[in-house]
Amino acid sequence: MSSRIHILSPELSNKIAAGEVVQRPASVVKELIENSLDAGATRISIIVKDAGKALIQVVDNGFGMSEQDASMSFRRHATSKINKTSDLEEIRTLGFRGEALASIAAVARVELKTRSESDDLATFLRIEGDEEKEKTKSALERGTSITVRNLFYNTPARRNFLKHRQTELKNITDVVTRAAVSYPEVEWFYVSDDEILLDLKSSSVEGRVAAVFGKVVSQSLIKFEETNDLMSLSGFLARPNFARKSRAEQMVFMNRRFIFSRMINHAVFHAYEHLLEKGSFPFFVLNLTINPKKVDVNVHPSKMEIKFENDSNIYRMILSVVRKALVDNDLMPSVSFKEGDVLSSIDAKLQYDSQGWKKAMESQSGAPVFPIGSSSNHGLSKPTVTPNIIGLDEIEQSQSNPETSFPFKTTPPSGNRILDQRMPGDQSASQGSRPIWQVHDKYIISQIRNGLMIIDQHVAHERIIYERVLSSFENSLPSIQQLLFPETVEVSASDYSLVKELQGHLERLGFDIKLFGKNTVVIEGIPADVRIGSERKILQDVLDEFRNNEHAGISDVRDNLAKSFACKAAIKAGDKLNIDEMVVLIEHLFLTKMPFVCPHGRPVIVKIPLEELDKRFGRT
Amino acid sequence: MKFTIESNELQKVLIKISGVVPSKSTLPILENILFTLNENKLTLVATDMEISMSASLDVRGSENGSIAVPAKRVMDTLRALPDAQIVFNADTGNNKIKMITENGEYNLIGESSQDYPAIPEFKSSNELLIESSVIESIISKTVFSVSTDELRPAMTGLLLQFKEKEMRAVATDGHRLVRIIYTNLPQIKDQKDIIIPSKALNLISKAIESGSNTVSFSSTHIKFSFKNLTLTSRLIEESYPNYESVIPLENDKKLLADRNILLSAVKRVSLYSSNTTHQIRFSMKKDDLKIMAEDIDFGGEAKEKIACSYSAENIEIGFNAIYLIDILSHIDSQEVIFNFSSSVKAAIIKPVTMKENEDVLMLVMPMRLNV
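Bear in mind the structure is a predicted one, so any value in this text is a computation, not a measurement.

Please clarify how the environment of Phe253(A) should be interpreted in this entry.
All names here are of chain A. Relative to the helices and strands, Phe 253 resides in strand S11 (residues 250–254). Of the residues examined, Phe 253 reaches a relative accessible area of 1% and is grouped as buried. Through-space distance from the C-alpha of Phe 253 to that of Thr 289 is 8.3 Å; in sequence the pair is 36 residues apart. Sequence-distant contacts of Phe 253, defined by excluding residues within four places in its chain, comprise Arg 178, Val 181, Ser 182, Phe 258, Val 285, Leu 286, Asn 287 and Leu 288.

Here it is as structure tokens:
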């Protein structure tokens with residue numbers, strides 16, 4: 001009777017293992033780069049051909065290997081990175097499983113050239129299908145060069161499953177980019193089919209982010225750093241107006257290893273909360289440094305997933321650090337005009353000289369209308385938006401007498417420097433001198449120290465009410481103005497049950513509502529800041545909006561109610577405001593935690609810097 | 001049409017009626033004032049189709065006629081002129097108007113009087129004879145609490161109710177209410193309630209002259225006739241909310257205080273209230289009233305203690321300071337009485353001394369305190 005069960009041949013088992021470790025050319029690149037980094041390389045070159053299918057070559061200037069080590073390195077479960085079981089608890093290198101080279105060698109033709117500091121000559125190895133085909137000596141600088149050719153030549157199924165060339169190349173590029181961001185001190189050189197994709201000199205983290213993602217993105221970044229006993233957290237957040245429509249550009253590194261964690265991403269998204277419009281995602285780079293004992297990276301051979309000892313602590317820390325970083329920064333988008341939009345001064349002069357003003361104006365697309373667009377969203381059509389880290393302490397009261405006109409009250413709360421100074425509410429101040437105007441009953445324009453600020457009155461008010469409502473949910477009852485004539489409202493059956501369900505919350509909003517049965521509710525009191533007479537309409541609107549939001553997936557009842565109420569109770573575009581109302585509005589706006597974005601993620605304030613105006617008028 | 005007049009005399013009358021002229025109208029002709037000359041009598045008419053005013057004055061006329069004159073232009077001109085004699089000369093054929101002073105000549109284009117809408121005539125069913133001072137007092141004490149909410153048109157006017165020999169004037173915006181009862185009036189024939197738009201009242205209070213006046217009204221219109229001026233207004237044909245039912249009768253906690261002291265204290269304290277809610281609170285103990293306000297958003301609080309007479313149990317009640325200030329400044333008695341029942345029920349405020357045949361009651365809804 002012959003035995004049916006037998007041990008697999010090493011070749012076969014390696015191929016099977018390779019299936020896990022080497023899934024695509026990018027996996028090879030990742031494993032090789034990690035080896036180079038573990039070997040302390042300061043310069044790493046990656047050369048690929050045909051998206052890695054034909055050739056992947058990684059050259060580094062790391063420790064290198066002796067002849068013996070070189071041969072050993074291709075054995076399965078051979079590694080220099082860990083020794084004993086306890087090492088597994090505290091992994092400080094990127095690799096440790098001892099699988100990569102063996103797995104790669106099982107599915108490709110591999111050549112290795114390496115020289116350690118102590119050797120005179122480099123070792124050259126050619127390995128094919130797990131066998132050493134050639135072993136000679138050759139010359140090489142200190143370091144290692146590994147060439148992987150004809151990946152998956154012996155596993156046609158896997159080869160056929162590779163995606164399109166562009167996709168595979170993008171995967172490789174992603175791997176290299178991530179490593180480059182995580183290791184800014186290392187020089188990177190990345191070539192695909194003779195085209196240089198990256199050539200990065202050693203630099204600071206900021207420099208690297210700028211080099212990799214471009215200047216525009218890097219200028220919009222908010223840097224943050226925070227350390228506690230559990231871990232230290234640093235990184236960059238993009239201002240909300242740089243949010244992307246895809247989740248692609250989020251990078252999380254844990255002890256410099258690129259990881260993917262839904263939990264962490266969720267924490268960051270949550271911190272951005274209403275700063276973003278629906279369906280857009282913030283760009284961020286997050287570096288977690290954490291005691292290796294507190295995490296387990298040995299979850300999957302690709303080591304992208306990790307397990308934390310205490311998920312919820314990490315979640316909370318990330319949430320609060322990111323939120324703080326966002327709140328502490330001026331998120332006011334400012335507007336500058338596209339190069340081509342600005343009158344080039346020479347051109348302008350010529351036109352003034354020869355044809356006079358009128359022509360010059362006409363050449364500017366008809367009328368001198370400023371192409372001010374809303375800042376965030378949608379591919380940024382006309383204006384380019386550059387963020388500005390300037391506190392709002394720069395709101396000027398008046399231009400004429402800056403010295404004497406500073407009776408600003410200083411408000412104590414929160415460390416937000418935006419709040420440090422605010423508009424004086426002094427009614428006796430001469431009104432004409434206060435630089436605030438309302439335009440089209442829709443926007444408020446105010447002079448600030450270095451330019452002007454445009455506020456959308458509706459969303460500004462919305463933000464104020466939203467925050468007030470949220471805080472009244474948490475704290476005490478709001479002021480309720482009792483009504484002389486209780487308003488009897490007949491509602492639909494479904495609205496009636498909704499009111500019933502929300503009654504407690506509505507009361508916290510400031511609605512004193514009694515249920516009368518038969519789909520009739522009686523409003524006996526309304527929030528003190530609701531305009532007289534609109535109680536019936538506001539209740540109905542809030543209910544409708546609440547429903548809409550529910551459909552849109554806002555699940556938190558209070559949040560939803562606060563948003564619905566804020567949206568409906570706020571002054572609208574088209575409402576005329578007098579000077580005092582505008583001053584109050586601005587004052588309150590800057591008391592909110594997030595004056596720059598409305599609860600739905602639309603910008604509240606847009607700033608036009610003086611330089612921009614100067615440029616516009618050819619005053620450069 | 002041609003006449004001569006002193007500029008300030010014309011201006012005086014124009015100011016009274018020009019308040020009717022709508023600043024923006026779908027009917028551009030309404031931005032004019034109709035000038036009609038009959039011998040030495042010049043009649044001026046302005047209307048916004050709801051309210052019409054007409055006034056007449058003596059001039060030295062030389063050529064009868066009628067023309068619609070742009071209100072703003074002519075008002076601006078008169079304002080800018082020193083006291084001077086004006087010769088007003090209009091060619092009703094081509095609507096060209098010429099105003100000539102000693103030194104200047106001002107030409108403007110008018111519109112044909114044919115296009116100007118006629119003042120509505122109505123058949124009055126009632127007529128009252130009222131002293132100007134009474135009209136003024138009714139208006140000044142009530143109009144401040146008329147609602148501006150277009151959604152509830154009934155409350156945007158002043159309710160006049162006639163019963164036997166008494167007349168009630170009521171105004172409310174749903175947060176406060178004023179009711180004045182006048183007794184011992186001559187019997188009125190048709191005892192219907194009418195609601196007068198607040199704009200008409202404001203115009204009357206500006207234009208009124210001393211003397212005794214006729215007020216006549218039907219169910220659709222009201223007409224105030226003064227010596228040289230009449231105002232005709234359409235009435236608000238809506239049903240007024242049942243205000244009597246919301247005036248509490250069981251308010252047993254009585255507070256007596258000096259009106260002026262109280263008013264100025266409320267004004268001072270309210271400076272420290274939140275500028276969105278304007279909430280202040282009254283805290284009452286035996287013969288002791290404390291008025292407090294705090295502004296949570298911006299920090300800041302204020303307290304004042306006021307001597308008063310109060311003997312019921314301790315109570316705390318919140319108000320919108322603006323409502324209180326309005327009410328207290330429209331009462332003309334040395335002292336006022338507050339009647340409270342609880343911190344969520346209406347408070348009643350009355351003057352201590354009242355004129356004969358006049359009963360004034362004001363009411364304000366509290367703000368529920370955030371405790």
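Explain the confidence of the model for chain A here, please?
Should the pLDDT be low somewhere, the predicted coordinates at that spot are not to be read in detail. Mean pLDDT over chain A: 75, with 79% of residues reaching 70 or higher. Confidence drops under pLDDT 50 across residues 337–432 of chain A; counting only partners more than four residues distant or on other chains, this segment forms 164 contacts.

Explain the sheet that holds strand S27 (residues 358–364) of chain B here, please?
Note: strands within a sheet are paired through backbone hydrogen bonds, in either parallel or antiparallel orientation. Residues and elements named next belong to chain B. The strand order across the open sheet formed by nine strands is S15-S12-S13-S14-S27-S26-S25-S19-S23, and the pairing between neighbours is antiparallel. At either end of the open sheet lies a strand with only one pairing partner, and these are strand S15 (194–197) and strand S23 (309–310). Bridge count between strand S26 (residues 347–351) and S27: three bridges; the pairing is antiparallel. Bridge pairing in S27 places Ala 347 opposite Val 364.

What exactly am I supposed to notice about the interface of chain A and chain B here?
Often, the extent of an interface is quoted as the loss of accessible area on bringing the components together. The interface is formed by 26 residues belonging to chain A together with 30 residues belonging to chain B. Taken together, both faces of the contact between chain A and chain B bury some 2500 Å²; the carbon and sulfur share is 59%. There are three salt bridges connecting chain A and chain B. Counting the contacts that link chain A with chain B gives nine residue pairs in polar contact (both at pLDDT 80 or more). If you list the elements that add at least two residues to the side of chain A that touches chain B, you get strand S21 (480–490) and helix H17 (579–589) of chain A. Residues that form the side of chain A that touches chain B fall into these classes: eleven nonpolar, eight polar and seven charged.

How do you make sense of helix H6 (residues 321–329) of chain B when you look at a structure like this?
Spacing of three or four residues puts side chains on the same side of an α-helix, whose turn is 3.6 residues. Residues and elements named next belong to chain B. Among the nine residues in H6, seven count as buried, and that is most of the element. Every buried residue of H6 is accounted for by Ala 321, Tyr 323, Leu 324, Ile 325, Asp 326, Ile 327 and Leu 328. At the N-terminal boundary of H6, the capping side chain belongs to Asn 320, with an oxygen 2.9 Å from the backbone nitrogen of Ile 322.

Just checking my understanding: could you explain the sheet that holds strand S13 (residues 284–290) of chain A for this structure?
All names here are of chain A. One open sheet holds the five strands; their spatial order is S9-S10-S13-S11-S12, and the pairing between them is mixed. The outermost strands of the open sheet, each flanked by one partner alone, are strand S9 (221–227) and strand S12 (257–259). The sheet shows a mean angle of 20° between the axes of neighbouring strands, taken without regard to direction. Where S11 meets S12, three bridges bridge the pair, whose relative direction is antiparallel. Within the sheet, the bridge partner assigned to Val 252 lies in S12 and is Ile 259. Against the sheet, helix H8 (residues 205–213) touches S9, strand S10 (231–238) and S11, its axis set at about 40° to S10.

Would you mind showing me how to read the packing of helix H7 (residues 165–182) of chain A against H8(A) here?
To describe two helices that pack against each other, one gives the angle between their axes and the distance between the axes. Residues and elements named next belong to chain A. It is the contact of H7 with H8, at a shortest axis distance of 9 Å, that shows an interaxial angle of 155°. On the basis of the axis angle, H7 is roughly antiparallel to H8. Contact residues: H7 offers Thr 177, Ala 180 and Val 181, while H8 offers Arg 208, Val 209, Val 212 and Phe 213. For the contact of H7 with H8, the class distribution of residues is five nonpolar, one polar and one charged.

Any chance you could explain the pattern of salt bridges here in plain terms?
Pairs can form between side chains of opposite charge whenever their charged atoms are close. Summed over all chains, the structure comprises 47 salt bridges over all chains. For Arg368(B), the salt bridge identified is with Glu507(A), shortest N-O distance 3.4 Å. Taken together, the residues Arg368(B) in strand S28 (residues 367–368) and Glu507(A) in helix H14 (residues 493–509) connect one chain to another. Classification of Glu507(A) by relative accessible area gives partly exposed; the value is 28%. The partner of Arg152(B) in a salt bridge is Asp149(B), and the shortest N-O contact between them spans 3.9 Å. When sorted by exposure, Arg152(B) lands in the same class as Asp149(B), which is buried. Via salt bridges that share partners, Glu507(A), Asp512(A), Lys514(A), Glu524(A) and Arg368(B) belong to a single interconnected network.

Can you walk me through the environment of Glu168(A) in this structure?
Tracing the backbone through its elements, the reader meets Glu168(A) in helix H7. Look past the residues within four positions of Glu168(A) in its chain and what remains in contact with it is Arg24(A), Pro25(A), Ala51(A), Leu162(A) and Lys163(A).

So, how was this worked out
Residues numbered from 1 in each chain as written. Chains lettered and ligands numbered in written order. Predicted model: local features only at pLDDT ≥ 70, side-chain atom pairs only at ≥ 80, totals over all residues. Heavy atoms only, no water. Helix = DSSP H or I, 4+ residues; strand = E, 2+ residues; numbered from the N terminus. Buried < 20%, exposed > 50% of the residue type's maximum accessible area, 1.4 Å probe, protein only. Contact = heavy atoms within 4.5 Å. pLDDT = per-residue confidence, 0-100. Pairing = 2+ DSSP bridges. Buried area = accessible area lost by both parts, 1.4 Å probe. Salt bridge = Lys/Arg side-chain N within 4 Å of Asp/Glu carboxyl O. Polar contact = N/O pair within 3.5 Å; in protein donor to acceptor, adjacent residues only side chain to side chain. Nonpolar A, V, L, I, M, F, W, Y, C, P; charged D, E, K, R; others polar. Axes fitted to C-alpha atoms, helices over the stretch in contact; angles between N-to-C directions. Parallel < 35°, antiparallel > 145°, perpendicular 65-115°, else oblique.

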